[in-house]
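# Coordinates in review
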Amino acid sequence: MGERRPTLPLTGGCSCGAVRYEITSFPLLLYTCNCTNCQPASGSAFALNMPVATKGFRIAKGEPKGWHHLSPSGAEVASWFCGDCGARIYGSRKSRPESMNVRAGTLDDTSWLTPAAHMFMRSAQPWVAPWVAPRASPAADAECHEVGPDDFRPLAKKWRAMWPEFFPDE
Ligand SMILES: [Zn+2]
Ligand SMILES: [Zn+2]
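Here's a quick rundown of the structure. A quick note: this is a predicted structure, and the numbers were derived from the prediction, not measured.

Reading the values: rules and limits
- Residues numbered from 1 in each chain as written.
- Chains lettered and ligands numbered in written order.
- Predicted model: local features only at pLDDT ≥ 70, side-chain atom pairs only at ≥ 80, totals over all residues.
- Heavy atoms only, no water.
- Donors = N, O, S within 2.8 Å, 3.2 Å for Na, K, Ca; no water.
- Helix = DSSP H or I, 4+ residues; strand = E, 2+ residues; numbered from the N terminus.
- Buried < 20%, exposed > 50% of the residue type's maximum accessible area, 1.4 Å probe, protein only.
- Arc of directions from axis to C-beta.
- Contact = heavy atoms within 4.5 Å.
- Pairing = 2+ DSSP bridges.
- Axes fitted to C-alpha atoms, helices over the stretch in contact; angles between N-to-C directions.
- Polar contact = N/O pair within 3.5 Å; in protein donor to acceptor, adjacent residues only side chain to side chain.

### Topic: the coordination of the zinc ion (ligand 1)
Taken together, the protein ligands of the zinc ion (ligand 1) are Cys 14 (SG), Cys 16 (SG), Cys 82 (SG) and Cys 85 (SG), with distances of 2.3 to 2.4 Å. When the donor residues of the zinc ion (ligand 1) are listed from N- to C-terminus, their spacing reads C-x1-C-x65-C-x2-C. In this pair, Cys 16 sits in the loop between β1 (10-13) and β2 (20-23) while Cys 82 sits in the loop between β7 (76-81) and β8 (88-93), placing the two residues 66 residues apart along the sequence. The class of Cys 82 is buried, set by a relative accessible area of 1%.

See below:
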């Protein structure tokens, strides 16, 4: 844990390889979301969300399709996926064009991923809660939130402190 250090650019893509992307600036955060939207969207227990600066993200191959809809809170959001294999790759929010939420499981190298927090633990599947709390991310000292923090800035600061080589000004 914490031994693996990634290098930029990060690369990834969908299951079939039709859509590929490249990330040239280090992700802003990594967290799991256990909400009841992320569970069906991921087909799993939680989504592994990795916000990335839009200017540091580019599609290197193919063209993702977008599903435009309203979030439960009424925000205009879009989920971007491969039109061939259906893998979800990232999400975007109209009111927050400066970043996008990459599904971290689509990275080619997931060995270094260490979530800094677990969100929406109030709807986590029963087996998840006892598992993440003591064990998932000792290196990150991951925070567990019933929903999420009102202010993400302290959490983002903690994340940046985990990766001093990418955030030397912290
Ligand atoms: Zn695909
Ligand atoms: Zn969620």
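### Side note on helix α3 (residues 153-162)
Among the residues making up α3, those that are buried are Leu 155, Ala 156, Trp 159 and Met 162. Looking straight down α3, one finds that the buried residues subtend no more than 110° of arc, so they occupy a single side. Residues Arg 153, Pro 154 and Ala 161 are exposed on α3 and point more than 90 degrees away from its buried face. In the core, the buried residues of α3 are packed alongside β10 (117-119) and β11 (143-144).

### Describing the coordination of the zinc ion (ligand 2)
Binding of the zinc ion (ligand 2) to the protein goes through Cys 33 (SG), Cys 35 (SG) and Cys 38 (SG), at separations of 2.1 to 2.3 Å. Counting gaps between the donor residues of the zinc ion (ligand 2) yields the pattern C-x1-C-x2-C. On the basis of relative accessible area, Cys 33 is assigned to the buried category, the value being 7%. Note on Cys 35: relative accessible area 9%, which makes it buried.

### Regarding the sheet that holds strand β5 (residues 57-61)
Pairing in this open sheet of three strands is antiparallel, and the strands run β1-β2-β5 from one edge to the other. Strand pairing shows two members of the sheet lacking a second neighbour, β1 and β5, which therefore form its edges. Adjacent strand axes in the sheet meet at a mean angle of 25°, parallel and antiparallel pairs treated alike. Pairing analysis gives four bridges linking β2 to β5, with the strands arranged antiparallel. Note that in β5 the partner of Arg 20 across the bridge is Lys 61.

### Points about the environment of Thr 54
Relative to the helices and strands, Thr 54 resides in the loop between β4 (47-53) and β5. Between the C-alpha atom of Thr 54 and that of Thr 36, which follows or precedes it by 18 residues, the distance is 26 Å. Excluding residues that lie within four positions of it along the chain, Thr 54 makes contacts with Pro 97, Glu 98, Ser 99 and Met 100. A distance of 3.1 Å separates a polar atom in the side chain of Thr 54 from the backbone nitrogen of Ser 99.

Structural measurements only, silent on function.
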